[in-house]
Amino acid sequence: MSAFWNVVSAELFKLVRKRRTYVLAGLWWLLLPTLVLIVGRVLVSNLAASFANEAGGVDLLLQTIASPFGIALIGVVGPAYVTPPFYVIVVAALAAVLIGEERSHKMWKTILVAQPSRPAVLAGKLVTAMLVVGVLLGGALLSGVAFGAVGTLFLPTTFAGDWTGLVQTYLLQWAFTGAIVAFAFLMVHVARNVAVGMILVFFLPGLLETLYTVYAAVVGFQPINRFNVFLQGIRLRQVLEDLPTYFFTANVYAPARAPVRELAATFTAEAAAEGLDLSDLLGSNITLERAAVVAAAYALLFLALLTWRFLRADVD
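Sequence order as written defines the numbering, with residues in each chain counted from 1. Where local features are concerned, this predicted model is filtered to residues with pLDDT of at least 70; where side-chain atom pairs are given and counted, the filter is 80 or more; whole-chain, interface and lining totals use all residues. To get the side-chain values, take all heavy atoms of the structure and skip hydrogens and water.

**Side note on the confidence of the model for the protein chain**
Here comes step 1: Values of pLDDT, which run from 0 to 100, indicate the predictor's confidence residue by residue. Averaged over every residue, the pLDDT of the protein chain is 85; the share at 70 or more is 84%.
Here comes step 2: By the convention used here, residues are in contact when the closest approach between their heavy atoms is within 4.5 Å. Scored below 50 in pLDDT, residues 275–283 shows 11 contacts in the model against residues more than four places distant or in partner chains.

Dropping the structure here:
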């Protein structure tokens, strides 16, 4: 156990002195909430006194995105919707330091002499990555609240919001990020090159999912005639809707994307009451419970492969 804690303390000591750690924190803690406040200020200047705000729509929008609760929510939701998602960028950068640089600097033999227990070394590095991701997420929450509090001085916003649900969203997304950490460590370790490993982390899941989508959409497709074209169209639509429920990228960001899906469901229900069918906006039917099972399965698979590879591979 002492070897494990020695690894954790040593890796934390190293990451605290890495410039990339502060760049990631600055982008997440400072740049994102600052941009939201700028957008909020522009909305107030251009729309608050106009006819667009006669029913309070602009004020409601500002409360949704630029209040302390809104900015803190964007801090967990926003990184899941950029391409590639900011979560995988953070994890790839950590994996490059924690497991990639050891090979680049030819340090594995030194490390495994100082800490001869390979399981302790690997576990220490994985736990360190999860701790740093947790700190970054926690900082995003606190900075969102702080910037939102400043925004209340010049925006029509308050501290209202479901804070308990927000904290749960942050904790769930941190837990789901464990699957990304395991995948990133595996790719960087197997690739034996930091740059190649990071490229695999960024693009391999999406590439494989796209290829499998094409395969699943084509296989079993029957020749079309005027009698079965409608049924074939229904089949194809059902296949495309069901596939993402088992995809890595669709499940590991499920907690962060859940608030947007709930908002889309609300608008869809309201539109349905007006006679409009917007059900396609919801996409696949991914629940947090199903996503948790799928993400856990991926995490266990990647951890098993990583452990097997790390314990058996020769070092140089």
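**Quick look at empty space enclosed by the protein**
Here comes step 1: Residues are said to line a cavity or pocket when one of their atoms sits within 4 Å of a point; the points come from a 1 Å grid over protein atoms alone, cavities being sets where a 1.4 Å probe fits but cannot get out and pockets being open sets with protein on both sides within 12 Å along at least five of seven lines. Grid points are joined across faces, edges and corners, and a volume is the space filled by probe spheres set on the points. Tallied over the full model, the rule gives 1 cavity of 30 Å³ or more.
Here comes step 2: Estimated volume of the largest cavity: approximately 40 Å³.
Here comes step 3: The wall of the largest cavity is formed by Trp28, Leu32, Pro33, Ile71, Gly75, Ala140, Ser143 and Gly144.
Here comes step 4: For the lining of the largest cavity, the residue count by class is 5 nonpolar, 3 polar and no charged. Each residue is assigned to one class: nonpolar for Ala, Val, Leu, Ile, Met, Phe, Trp, Tyr, Cys and Pro, charged for Asp, Glu, Lys and Arg, and polar for all the others, Gly among them.

**What to know about the environment of Ala92**
Here comes step 1: Helical segments are the DSSP runs of H or I of at least four residues, strand segments are the runs of E of at least two, and each set is numbered from the N terminus. Take Ala92: it is sitting in helix α5 (residues 86–104).
Here comes step 2: The residues touching Ala92, leaving out its near neighbours within four places in the chain, are Met198, Val201 and Phe202.

**Quick look at helix α2 (residues 19–47)**
Here comes step 1: Counted at 1.5 Å a residue, the expected span for α2 with its 29 residues is 42 Å, and the 40 Å between its end C-alpha atoms agrees.
Here comes step 2: We define the bend at each residue as the angle formed by axes fitted to the 7 residues ending at it and the 7 residues starting at it. Taken as a whole, α2 carries its principal kink of about 35° at Gly26.
Here comes step 3: Within α2 the residues assigned to the buried category are Thr21, Leu24, Ala25, Trp28, Pro33, Val36, Leu37, Gly40, Leu43 and Val44.
Here comes step 4: Along its buried surface, α2 packs onto α1 (2–16), α3 (57–66), α4 (68–77), α5 and α7 (118–151). One fewer than the residue count of a helix, multiplied by 1.5 Å, yields its expected span. Burial classes follow relative accessibility: with a 1.4 Å probe on protein chains only, a residue under 20% of its type's maximum area counts as buried, one over 50% as exposed, and anything between as partly exposed.

**Quick word on the layout of surface pockets**
Here comes step 1: If you add up the space inside the largest pocket, you get close to 520 Å³.
Here comes step 2: The wall of the largest pocket is formed by 21 residues, among which Leu73, Ala258, Pro259, Val260 and Glu262 lie closest to the centre.
Here comes step 3: Among the secondary structure elements, those contributing two or more residues to the lining of the largest pocket are α3, α4, α8 (163–191) and α12 (254–273).
Here comes step 4: The element contributing the most residues to the lining of the largest pocket is α12, with 6 residues.
Here comes step 5: By residue class, the composition of the lining of the largest pocket is 14 nonpolar, 5 polar and 2 charged.
Here comes step 6: Reported here for the second largest pocket is a volume of approximately 290 Å³.
Here comes step 7: What lines the second largest pocket is a set of 17 residues, and nearest its centre among them are Pro85, Phe202, Gly206, Thr249 and Tyr253.
Here comes step 8: Of all the secondary structure elements, the ones that give two or more residues to the lining of the second largest pocket are α9 (194–218) and α11 (248–252).
Here comes step 9: With 7 residues, α9 is the largest single contributor of residues to the lining of the second largest pocket.
Here comes step 10: A per-class count over the lining of the second largest pocket returns 11 nonpolar, 4 polar and 2 charged.

**Re the nonpolar core**
Here comes step 1: Ranked by internal contacts, the top residues of the largest apolar core, which has 66 residues, are Trp28, Tyr87, Val90, Ile180 and Phe185.
Here comes step 2: What makes a nonpolar core is a set of buried Ala, Val, Leu, Ile, Met, Phe, Trp, Tyr and Cys residues whose side-chain atoms join them at distances within 4.5 Å. In this structure, Val58, Ala66, Ile71 and Leu155 belong to the second largest nonpolar core, which totals 9 residues.

**Looking at the packing of aromatic side chains**
Here comes step 1: Here is the rule: rings of Phe, Tyr and Trp (six-membered ring for Trp) pair when centre to centre is within 6.5 Å. Planes less than 30 degrees apart are stacked, more than 60 are edge-to-face, and the remainder are tilted. Taken as a whole and judged by the stated rule, the model has 11 aromatic pairs.
Here comes step 2: Centroid distance Trp28 to Tyr87: 5.6 Å. Interplanar angle 80°. Geometry classified as edge-to-face. Taken together, the positions of Trp28 in helix α2 and Tyr87 in helix α5 put the pair 59 residues apart, joining distant regions of the chain. Like Tyr87, Trp28 is buried.

**Thoughts on the pattern of salt bridges**
Here comes step 1: Only one rule defines a salt bridge in this text: a Lys or Arg side-chain nitrogen within 4 Å of an Asp or Glu carboxyl oxygen. One pass over the structure, following the stated rule, counts 4 salt bridges.
Here comes step 2: Measuring nitrogen to oxygen at the nearest pair gives 3.0 Å for the salt bridge that ties Glu11 to Lys14. Of the two residues, Glu11 and Lys14 are both situated in helix α1; the distance of 3 residues between them amounts to about one turn of the helix.
Here comes step 3: What makes Glu11 buried here is its relative accessible area of 7%.
Here comes step 4: Owing to a relative accessible area of 21%, Lys14 belongs among the partly exposed residues under this scheme.
Here comes step 5: One network of salt bridges, in which partners are shared, links Glu11, Lys14 and Lys125.

**Side note on a nonpolar patch on the surface**
Here comes step 1: Residues forming no salt bridge and having over 30% relative accessible area are the ones grouped into patches, like charges within 9 Å of each other and nonpolar side chains (Val, Leu, Ile, Met, Phe, Trp, Tyr) within 5 Å. Accessible areas in this description were obtained via Shrake-Rupley with a 1.4 Å probe; residue shielding takes into account the shown protein chains only. Together, Val23, Leu27, Leu31, Leu35, Ile38 and Val42 make up an exposed nonpolar region whose accessible area comes to about 490 Å².
Here comes step 2: Inspection of the secondary structure assignment puts Ile38 in helix α2.
Here comes step 3: Owing to a relative accessible area of 47%, Ile38 belongs among the partly exposed residues under this scheme.

**Quick notes on the packing of α5 against α8**
Here comes step 1: As a rule, the C-alpha atoms of each element are fitted with a line to give its axis, helices using only the stretch in contact, and angles between N-to-C directions run from 0 to 180 degrees. Viewed as axis vectors pointing N to C, α5 and α8 meet at an angle of 40°, and their least axial separation amounts to 9 Å. Judged by the inter-axis angle, α5 sits oblique to α8. As α5 runs across α8, the sense of the crossing is right-handed. Note on element contacts: α8 touches α5 through Gln173, Thr177, Ile180, Val181, Ala184, Phe185, Val188 and His189, opposite Tyr87, Val88, Val91, Ala95, Leu98, Ile99, Gly100 and Arg103.
Here comes step 2: Tallied by class, the residues present in the contact of α5 with α8 amount to 11 nonpolar, 4 polar and 1 charged. Relative orientations are named as follows: roughly parallel for angles under 35 degrees, roughly antiparallel for angles over 145 degrees, roughly perpendicular for angles from 65 to 115 degrees, and oblique for any other angle. Take the far helix as your reference; a near helix turned counterclockwise from it by less than a right angle gives a left-handed crossing, and one turned clockwise gives a right-handed crossing.

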